[in-house]
Amino acid sequence: MTAHNLITLTVSPSIEEALVDWLLGLETTRGFTSFPVHGHSSQLQGLSLAEQVAGRKKQVRFQIHLPERETAEFIARLQQDFQGTGLHYWISPVTESGHL
């Protein structure tokens, strides 16, 4: 059985379309999920006045399921192409997946 990872990306809505286009252009990406989320933090840096009052920041989360052997190259390309955008990512091992 091939090991897989779930890569989670959280981005500002301002780069959502650029990231969608980038992901769709990758040969290794077989599909992904995106959905709106709200980020919460005690750090006010980078928040608009409205976000500070609301106590949350609008963001978009993406999840990509990739074989472990493709993860390092994916992250390297992501870092190269989205440097300085504030994109946040993390990688989690997938213990099981399937279609029913």
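Scroll up to find the structure.
Residues numbered from 1 in each chain as written. Predicted model: local features only at pLDDT ≥ 70, side-chain atom pairs only at ≥ 80, totals over all residues. Heavy atoms only, no water.

**Student:** Would you mind showing me how to read the overall build of the chain here?
**Tutor:** Each helix and strand counted, the chain has three helices and four strands in total. Ordered by position in the sequence, the α and β elements of the chain form the string β-α-β-α-β-α-β. The 100 residues of the chain split such that 30% are buried. Within the chain, contacts between residues separated by at least 24 positions form 77% of all contacts whose residues are at least 6 apart in sequence. In the form shown here, the chain has an accessible surface area of approximately 7000 Å², with 51% of it arising from carbon and sulfur atoms. (Helix = DSSP H or I, 4+ residues; strand = E, 2+ residues; numbered from the N terminus. Buried < 20%, exposed > 50% of the residue type's maximum accessible area, 1.4 Å probe, protein only. Contact = heavy atoms within 4.5 Å. Areas by Shrake-Rupley, 256 points an atom, 1.4 Å probe, with all protein chains shown as cover.)

**Student:** Is there a simple way to think about the nonpolar core in this case?
**Tutor:** A general feature of soluble globular proteins is that nonpolar side chains tend to end up buried together. Ranked by size, the top nonpolar core spans 18 residues in total, and within it Leu9, Leu19, Trp22, Leu23, Phe62, Phe74 and Leu78 carry the most contacts. Only β1 (4-11), α1 (16-25), β3 (57-67) and α3 (68-81) provide two or more residues apiece to this core. (Core = buried A, V, L, I, M, F, W, Y, C linked by side-chain atoms within 4.5 Å.)

**Student:** Would you explain the packing of aromatic side chains in this entry?
**Tutor:** A ring pair, where both rings are aromatic, is described by two values, the distance of the centres and the angle of the planes. Under the criterion given, the structure shown has three aromatic pairs. Considering the side-chain rings of Trp22 and Phe74, the 5.6 Å spacing of their centres and the 65° angle between planes classify their relative orientation as edge-to-face. Here Phe74 lies in helix α3 and Trp22 lies in helix α1, a separation of 52 residues in the sequence. The pair Trp22 / Phe74 is uniform in exposure class, with both members buried. Summarising the aromatic geometry, the rings of Trp22 and Phe82 are spaced 5.4 Å apart at their centres and angled 90° between planes, so their arrangement reads as edge-to-face. On the criterion of sequence distance, the pair formed by Trp22 in helix α1 and Phe82 in the loop between α3 and β4 (88-94) is long-range, its members being 60 residues apart. Like Trp22, the residue Phe82 is buried in the burial classification. (Phe/Tyr/Trp six-rings, centres within 6.5 Å; stacked < 30°, edge-to-face > 60°.)

**Student:** Whenever I open this one, the side chain of Asn5 confuses me. Can you help?
**Tutor:** Inspection of the secondary structure assignment puts Asn5 in strand β1. Judged by its relative accessible area of 8%, Asn5 is buried. Excluding residues within four positions of it along the chain, Asn5 makes contact with Ile64, His65, Leu66, Glu68, Thr71, Ile91, Ser92, Pro93 and Val94.

**Student:** Would you take a moment to explain the sheet that holds β1 for this structure?
**Tutor:** In sheet architecture, strand pairing relies on hydrogen bonds along the backbone and comes in two forms, parallel and antiparallel. Strand order in the open sheet made by the four strands is β2-β3-β1-β4, with antiparallel pairing throughout. Sheet topology places β2 (33-39) and β4 at the edges, where each strand pairs with a single neighbour. With strand direction ignored, the average angle separating the axes of adjacent strands in the sheet is 25°. Note that β2 and β3 share seven bridges and pair antiparallel. Residue pairing across strands places Val37 opposite Gln59, the latter belonging to β3. On the sheet, α1 packs against β1 and β3 and is oriented at approximately 10° with respect to β3. Against the sheet, α3 engages β1, β3 and β4, with an angle of about 140° to β3. (Pairing = 2+ DSSP bridges. Axes fitted to C-alpha atoms, helices over the stretch in contact; angles between N-to-C directions.)

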